[in-house]
Amino acid sequence: MGLSTRLLPPLGADAHKTYRLGIMGGTFDPIHYGHLVTAEQAREALDLDLVLFMPAGSPAFKQDRSVSDAEDRYAMTVLATAANAAFYPSRFEIDRPGVTYTVDTLSALREHYPDNVELYFITGADAIMDILAWHDAQRVASLATLIAATRPGYDIDTARAHIAASGIDFDVRYIEIPALAISSSNIRELVSVGKSVRYLTSESVMGYILKNHLYEPKGECRR
Ligand code: ATP
Ligand code: MG
C-alpha cells in the first residue's frame, strides 16, 4: 500500500480547520462528462476541498464483459481531470492486485489522513443502491458521508427508501445535478459501431480512445 498512499495529495495541514475530501469511484471505462459533472456538483454542494478520482482495479470481467486495462482507464482519468485544480486522479486501487473493496479504500484513506479530514464518497443514484448490498455497508457508513447524485434513468427516491429501510445509519446527502444521460456502456457501444462520442466525454479522452483503438470490435480491422 505504501507507494499508492504516498501518491495521495496532501490535505489537513491546518489542525484548526476541517477539510472535506471527496472520493469518486468507478470503473471509468471510459470516464465521461456524467462523472465529471457529478464530482463537480458534489464538490460545490458539499464544499469539498479535493475530489479523488479512483479507477477501480481490473476485475477479470464486469457484467460479462472484459474491462479495459487499468492503465488505459487511469490515463483517461488523468486526461479528463487535468484542468480542474480540485480533481486528483488516484492510482490507489489500480496499484493493488484484483478488485479493492470500497470499504478497504476508505479505511486506508481514513488512516492516511488526519482526523480533521472528513471523507465523502460520491455516487450516482444507481451506485448508491449497490452499497446496501456490500457486506461491509455498516463500516462504509461509519467511515464516510455518502453523496448520492441524481442520474437519468434511476429514481433517487427509490434509493432513498431503500437506504431508509436498511437499518444502517448512513449519512447520505442527496444532490440534484444537471441531467446527463451518458454512460460508459453507451460510449463503448457507439465507438464499437464507429459512431461519434464527441461531447459525451472530453476531446482528450475521445482522442485517447481512437488512438489506442479502445472499444473496437476484436479481430476486425475497422480503419
Ligand atoms: P457503465 O455503463 O460501464 O456501468 P457508468 O457510466 O455507469 O459505466 P461507472 O464507472 O459505472 O460509469 O460509474 C461510476 C460512478 O459514476 C457511479 O457512482 C455512477 O452512479 C456515477 N455516474 C456515472 N454516470 C453518471 C451520470 N451520467 N450521472 C450521474 N452519475 C453518474
Ligand atoms: Mg455503472
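Going by the structure above, here's the rest.
Rules behind the numbers
Here the residue numbers are simple positions, counted from 1 along each chain's written sequence. A letter from A marks each chain and a number from 1 marks each ligand, given out in the order of writing. Residue-level local features of this predicted model are given only where pLDDT is at least 70; pairs of side-chain atoms are given and counted only at 80 or more, and the full residue set underlies all totals for whole chains, interfaces and linings. Hydrogens are left out, water is left out, and the side-chain values use all remaining heavy atoms of the structure. Orientation is described by axes fitted as lines to C-alpha atoms, over the contacting stretch for helices, and by angles from 0 to 180 degrees between their N-to-C directions. Numbering goes from the N terminus for both helices and strands, where a helix is a DSSP run of H or I of at least four residues and a strand is a run of E of at least two. For classification purposes, angles smaller than 35 degrees are called roughly parallel, those larger than 145 roughly antiparallel, those between 65 and 115 roughly perpendicular, and all remaining angles oblique. Left-handed describes a crossing whose near helix is turned anticlockwise from the far helix through less than a right angle; right-handed describes the clockwise counterpart. Two residues qualify as a contact provided that any one of their heavy atoms is within 4.5 Å of a heavy atom in the partner residue. For this classification, Asp, Glu, Lys and Arg are treated as charged, while Ala, Val, Leu, Ile, Met, Phe, Trp, Tyr, Cys and Pro are nonpolar and the rest, including Gly, are polar. A helix is expected to span 1.5 Å for every residue after the first. Using a 1.4 Å probe on the protein chains alone, a residue whose accessible area is under 20% of its type maximum counts as buried, one over 50% counts as exposed, and one in between counts as partly exposed. The working definition used for a salt bridge is a side-chain nitrogen of Lys or Arg within 4 Å of a carboxyl oxygen of Asp or Glu. Each Phe, Tyr or Trp ring (for Trp, its six-membered ring) is paired with any other whose centre lies within 6.5 Å, and the angle between the two planes then decides the class: stacked below 30 degrees, edge-to-face above 60, tilted in between.

Visitor: Can you walk me through the packing of helix α3 (residues 70-81) against helix α9 (residues 203-211) in this structure?
Guide: How two helices sit against one another is set out by the angle between their axes and by the gap between those axes. For the pair α3 and α9, the least separation of the axes is 8 Å and the interaxial angle reads 155 degrees. On the basis of the axis angle, α3 is roughly antiparallel to α9. Viewed along their axes, α3 and α9 form a crossing whose handedness is right-handed. Counted together, Glu-71, Asp-72, Ala-75, Met-76, Leu-79 and Ala-80 of α3 and Ser-204, Val-205, Tyr-208 and Ile-209 of α9 form the full contact between these two elements. Of the residues in the contact of α3 with α9, the class split is 7 nonpolar, 1 polar and 2 charged.

Visitor: Quick question: what am I supposed to make of helix α2 (residues 33-46) here?
Guide: Residues spaced three or four apart along an α-helix point in a common direction, a consequence of the helix completing one turn every 3.6 residues. Its 14 residues give α2 an end-to-end C-alpha distance of 20 Å, which sits within 8% of 20 Å, the value for a rise of 1.5 Å per residue. Looking at α2, one finds that the buried residues are Gly-34, His-35, Leu-36, Thr-38, Ala-39, Ala-42 and Leu-46. Following α2 by one or two positions, Asp-47 has its phi on the positive side, about 55 degrees.

Visitor: Would you explain the pattern of salt bridges in this entry?
Guide: Opposite charge on two side chains allows them to pair when their charged atoms are near. On inspection of all chains with the given rule, the structure shows 8 salt bridges. Glu-40 serves as the salt-bridge partner of Arg-43, at 3.0 Å between the closest nitrogen and oxygen. Here Arg-43 and its partner Glu-40 are both found in helix α2, 3 residues apart, which amounts to about one turn of the helix. Note on Arg-43: relative accessible area 21%, which makes it partly exposed. A salt bridge links Arg-173 to Asp-171; the nearest nitrogen and oxygen atoms lie 2.9 Å apart. Looking at Arg-173, the relative accessible area reads 30%, which means it is partly exposed. Using a relative accessible area of 31% as the deciding quantity, one classes Asp-171 as partly exposed. One network of salt bridges, in which partners are shared, links Glu-71, Arg-91 and Asp-95.

Visitor: For this particular structure, what's the right way to read the packing of aromatic side chains?
Guide: The geometry of an aromatic ring pair is captured by two quantities: the separation of the ring centres and the angle between the planes. This structure, assessed with the given rule, holds 2 aromatic pairs. Measuring from ring centre to ring centre gives 6.0 Å for Phe-28 and Phe-53, while their planes differ by 40 degrees; the resulting arrangement is tilted. Placement of Phe-28 in the loop between β1 (19-26) and α2 and of Phe-53 in strand β2 (residues 50-55) is noted, with a sequence separation of 25 residues between them. The two residues Phe-28 and Phe-53 agree in class, both being buried. Aromatic side chains Phe-53 and Phe-87 sit 4.7 Å apart centroid to centroid with 50 degrees between the ring planes, which places their arrangement in the tilted category. Placement of Phe-53 in strand β2 and of Phe-87 in strand β3 (residues 87-89) is noted, with a sequence separation of 34 residues between them. The class for Phe-87 is buried, based on a relative accessible area of 7%. An aromatic cluster of three or more residues is present, and its members are Phe-28, Phe-53 and Phe-87.

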